[in-house]
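# Descriptive structure summary
Here are the chains, one letter per residue:
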Number of protein chains: 2
Amino acid sequence: MLVEKISEMKSVTKRLRFEGRSIGFVPTMGFLHEGHVSLIRRSKQDNDITVVSIFVNPLQFGENEDFDRYPRDLNRDLEILREEKVDYLFYPSHKEMYPDGFSTTVEVKGITEKLCGAFRPGHFKGVTTVVLKLFNIIKPDRAYFGLKDFQQYKVIERMVRDLNLDVEIVGCPIVREKDGLAMSSRNRYLTDNERKGAVLLSQALFEAKKMFDLGINDVSKLKEEMKKIIQSNPEVREIQYIEIVDSETFEEKVKAEKGDLIALAVFVGDTRLIDNIQL
Amino acid sequence: MLVEKISEMKSVTKRLRFEGRSIGFVPTMGFLHEGHVSLIRRSKQDNDITVVSIFVNPLQFGENEDFDRYPRDLNRDLEILREEKVDYLFYPSHKEMYPDGFSTTVEVKGITEKLCGAFRPGHFKGVTTVVLKLFNIIKPDRAYFGLKDFQQYKVIERMVRDLNLDVEIVGCPIVREKDGLAMSSRNRYLTDNERKGAVLLSQALFEAKKMFDLGINDVSKLKEEMKKIIQSNPEVREIQYIEIVDSETFEEKVKAEKGDLIALAVFVGDTRLIDNIQL
């Protein structure tokens, strides 16, 4: 069932809670792929009711980013949601989420300044603000986030703890194409040649993990190898970052340890792709 | 009943909601006076259960402000709460509210930059952050704020609307001493002579309202008169601001209109006092 109004969504979830049903929530920006589907299936496993939201959140896009061209296809999404037997789709307008006079933001400091946060000022502030709003509207028992956006997952977790929210944040494994490319709505931007080059991101991560498992923990060596792999394709326009960091604080490491995160952001053509792997 | 732990407070209010009881909430920094008592009585009128919190919130004090010397007297407060038959006192430690690693803030832009916000950078950010946490812990149906802190009341109202919270924000009239001084825990700082001078704040506001009611709406004239009254006492060290503003946007007015707010902040000796009146 499609719900567009906040007031209606609130009364639906209020009734569900009153009936004692657990609510799982999967926030998305639409253009659903198998990554989203994995979150939905996990939510359906864990909860009585699953709510998916589709909202391309302008607050989390920078001025020169791809808000306008971000892929949208509601009919295709609806088909997937029906197939997965999702109970409710929350699909609010921008006006509904950010009415005139809207002026409140929620911000997590510290971990938002690293990795993607360093290159996308305001991005995580946009994410935490919209996610808090969605949590307040839907009041889920559990919310599901893909670990492809590992930093986002940790930022949300931090917000939930700091603001004493009751929702349980569940991080779900990255879903990959057969060749290893992490699923992302933005993959749709890639030309055929770029798509071929894009596979090197995950290959570099897998290679680094293999090296680490073989005993190489020197971060500069691991990063050097990954760089070499990624830059071997001419479609790679720019490596924004390749970092090996503590997976809680996102502080850069010198010697990699079990549990650390390798994260990268790379421009393949004009498309910014991210991926990561935990050691 | 005194509750110190967030987890305990949450399970208490969860049980109450489950039983279908309405919860009224009065957040305070303690050192309770008749102003607080008026909020408590209103809450008891409107709700099945009343929760009062006492927490001197470090986040909302500036570096050179009076966090350390802010008056505290738990035993006296407990007596008042017992007398008023308050159901629960939530009395968390700083560590409980801001554990290690705490790094999330909630901020309302725009209206927080005027009046007190212009002189107390970060103050309202501290207020909205702690109030949101308290709302999330207690999940009240209604929360009560004194209109002496008119700007705070409006900022909280804005946050609640923007973040889609379910709590109803109730503003309650300023409670004054017999001579007109607005009740405030900070009045306790005043020496006898300062206390005598402090009465001029409300007298200036009453005089301006009287002039307005007589047809004088020229803001500069009204402000001039208030200044003259307040400065007539040598204990007044500094007028931080006297403003006549739109009571929604806090934009300064040239011609005062019905509904506008006259707000002022004045140092009497070392003590910063605020007061206001709505035209």
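Analysis parameters
- Residues numbered from 1 in each chain as written.
- Chains lettered and ligands numbered in written order.
- Predicted model: local features only at pLDDT ≥ 70, side-chain atom pairs only at ≥ 80, totals over all residues.
- Heavy atoms only, no water.
- Pairing = 2+ DSSP bridges.
- Helix = DSSP H or I, 4+ residues; strand = E, 2+ residues; numbered from the N terminus.
- Axes fitted to C-alpha atoms, helices over the stretch in contact; angles between N-to-C directions.
- Contact = heavy atoms within 4.5 Å.
- Buried area = accessible area lost by both parts, 1.4 Å probe.
- Salt bridge = Lys/Arg side-chain N within 4 Å of Asp/Glu carboxyl O.
- Polar contact = N/O pair within 3.5 Å; in protein donor to acceptor, adjacent residues only side chain to side chain.
- Nonpolar A, V, L, I, M, F, W, Y, C, P; charged D, E, K, R; others polar.
- Core = buried A, V, L, I, M, F, W, Y, C linked by side-chain atoms within 4.5 Å.
- Buried < 20%, exposed > 50% of the residue type's maximum accessible area, 1.4 Å probe, protein only.
- Domains from an automatic or database assignment.
- Phe/Tyr/Trp six-rings, centres within 6.5 Å; stacked < 30°, edge-to-face > 60°.
- Lys NZ or Arg CZ within 6 Å of the ring centre and 35° of its normal.
- Least-squares fit on C-alpha atoms with pLDDT ≥ 70 in both.
- Arc of directions from axis to C-beta.

## What about the sheet that holds strand β9 (residues 261-268) of chain A?
Residue and element names in this part refer to chain A. An order of β8-β9-β10 is seen for the three strands of this open sheet, with the pairing classed as antiparallel. A single partner strand is all that each edge strand has here, and the edge strands are β8 (236-245) and β10 (271-278). With direction set aside, neighbouring strand axes in the sheet form an average angle of 15 degrees. Helix α8 (residues 192-213) rests against β9 and β10 of the sheet, and its axis sits at about 20 degrees to β10.

## Notes on the interface of chain B and chain A
Listed by partner, the interface residues are 25 residues for chain B and 25 residues for chain A. Of the roughly 2,200 Å² buried at the junction of chain B and chain A (both faces included), carbon and sulfur atoms supply 41%. Among the ionic pairs, D166(B) bridges to K10(A), the shortest N-O distance being 2.5 Å. Remark: the boundary between chain B and chain A carries 22 residue pairs in polar contact (both at pLDDT 80 or more). Residues belonging to the side of chain B that touches chain A are distributed by class as follows: nine nonpolar, six polar and ten charged.

## So, the nonpolar core
Grouped together as the largest cluster of nonpolar side chains are 98 residues, with contacts concentrated most on F90(A), F135(A), F90(B) and F135(B). The contacts of F135(B), once residues within four sequence positions are left out, are F25(B), P140(B), A143(B), F145(B), I156(B), M159(B), V160(B), L165(B), V167(B) and I169(B).

## What about unusual backbone geometry?
All names here are of chain B. The phi dihedral of F31 is positive, around 50 degrees, even though this residue is not glycine. With respect to the helices and strands, F31 occurs in the loop between β2 (23-28) and α2 (34-46). Phi angles above zero are rare outside glycine, and N164 is one such case at about 60 degrees. Structurally, N164 can be placed in the loop between α7 (150-162) and β7 (168-172).

## Some details on the pattern of salt bridges
Applying the stated criterion across every chain yields a total of 56 salt bridges over all chains. Ionic pairing is found between R15(A) and E19(A), a salt bridge with its closest N-O pair at 3.4 Å. Assessed through its relative accessible area of 40%, E19(A) is described here as partly exposed. D66(A) is paired through a salt bridge with R186(A); the nearest N and O atoms lie 2.8 Å apart. One end of the pair, D66(A), is in the loop between β3 (49-54) and α3 (74-83); the other, R186(A), is in the loop between β7 (168-172) and α8, with 120 residues separating them in the sequence. Both residues of the pair, D66(A) and R186(A), belong to the buried class. Connected through salt bridges with shared partners, the residues K10(A), K139(A) and D166(B) form a single ionic network.

## What to know about the domain arrangement of chain A
All names here are of chain A. Here the domain parsing of chain A yields domain 1 (2-172) and domain 2 (185-278). Relative placement of domain 1 and domain 2: their C-alpha centres are 26 Å apart. Taken together, the 21 residues of domain 1 in the interface contact 21 residues of domain 2. Both sides together, the interface formed by domain 1 and domain 2 hides about 2,000 Å², and carbon and sulfur atoms give 58% of it.

## Observations concerning the pairing of strand β10 (residues 271-278) of chain B
Residues and elements named next belong to chain B. Where burial is concerned, most of β10 is hidden: seven out of the eight residues are buried. Two strands pair when backbone bridges link them, and strand β9 (residues 261-268) and β10 are joined in this way by eight bridges, in the antiparallel orientation. Across the sheet, F267 pairs through a bridge with R272, a residue of β10. Hairpin connection of β9 to β10: two residues between the antiparallel strands, including G269 at a positive phi of 60 degrees.

## So, the packing of aromatic side chains
What the rule picks out here adds up to 17 aromatic pairs over all chains. Plain terms: the ring middles of F61(A) and Y70(A) are 5.8 Å apart, the flat faces sit at 75 degrees to each other, and that makes the pair edge-to-face. Here the aromatic rings of Y98(B) and F102(B) are separated by 4.9 Å at their centres, their planes lie at 70 degrees, and the arrangement is edge-to-face. Both residues of the pair, Y98(B) and F102(B), belong to the buried class. Taken together, F25(A), F135(A) and F145(A) form an aromatic cluster joined through their ring pairs. The ring of Y189(B) carries R69(B) above its face, with NZ or CZ at 3.9 Å from the centroid.

## Focus on the sheet that holds β10(B)
All names here are of chain B. Taken in spatial order, the three strands make up an open sheet running β8-β9-β10, and their pairing is antiparallel. This sheet does not close on itself; its edge strands, each paired only once, are β8 (236-245) and β10. For this sheet, the mean inter-axis angle between neighbouring strands, taken without regard to orientation, is 15 degrees. Packed on one face of the sheet, helix α8 (residues 192-213) meets β9 and β10 and runs near 20 degrees to β10.

## Quick look at the relation of the copies chain B and chain A
If you rotate chain B by 180 degrees and push it 0.0 Å along the axis, it lands on chain A with an RMSD of 0.0 Å. Expressed as an axis order, the relation between the two copies is that of a two-fold axis. Across chain B, the smallest distance between a C-alpha and the rotation axis is recorded for V106(B), namely 2.2 Å. The fraction of interface residues of chain B whose copies in chain A are also interface residues reaches 100%, indicating that both copies meet through the same surface.

## Digging into the environment of G24(A)
All names here are of chain A. Here G24 shows up in strand β2 (residues 23-28). Sequence spacing of G24 and K44 is 20 residues, and the spatial spacing of their C-alpha atoms is 7.2 Å. When neighbours within four sequence positions are excluded, G24 is seen to be in contact with S43, N47, I49, T50, V51, R142 and Y144.

## Things to note about the side chain of R272(B)
Residue and element names in this part refer to chain B. Inspection of the secondary structure puts R272 in strand β10. Of the polar contacts made by the side chain of R272, one reaches the side chain of Q240; its length is 2.7 Å. Residues in contact with R272, not counting those within four places in the same chain, are C116, R120, R186, Q240, Y241, A265, V266 and F267.

## Structural notes on α3(A)
All names here are of chain A. Within the sequence span of α3, burial applies to D77, L78, I80 and L81. End-on view of α3: buried residues confined to an arc of 160 degrees, all on one side of the axis. Summarising the geometry of α3, the exposed residues directed more than 90 degrees from the buried face are N75, R82 and E83. Buried residues along α3 sit in contact with β1 (2-3), α2 (34-46), β3 and β4 (88-90). With its phi angle positive at about 55 degrees, K85 sits one or two positions after the end of α3.

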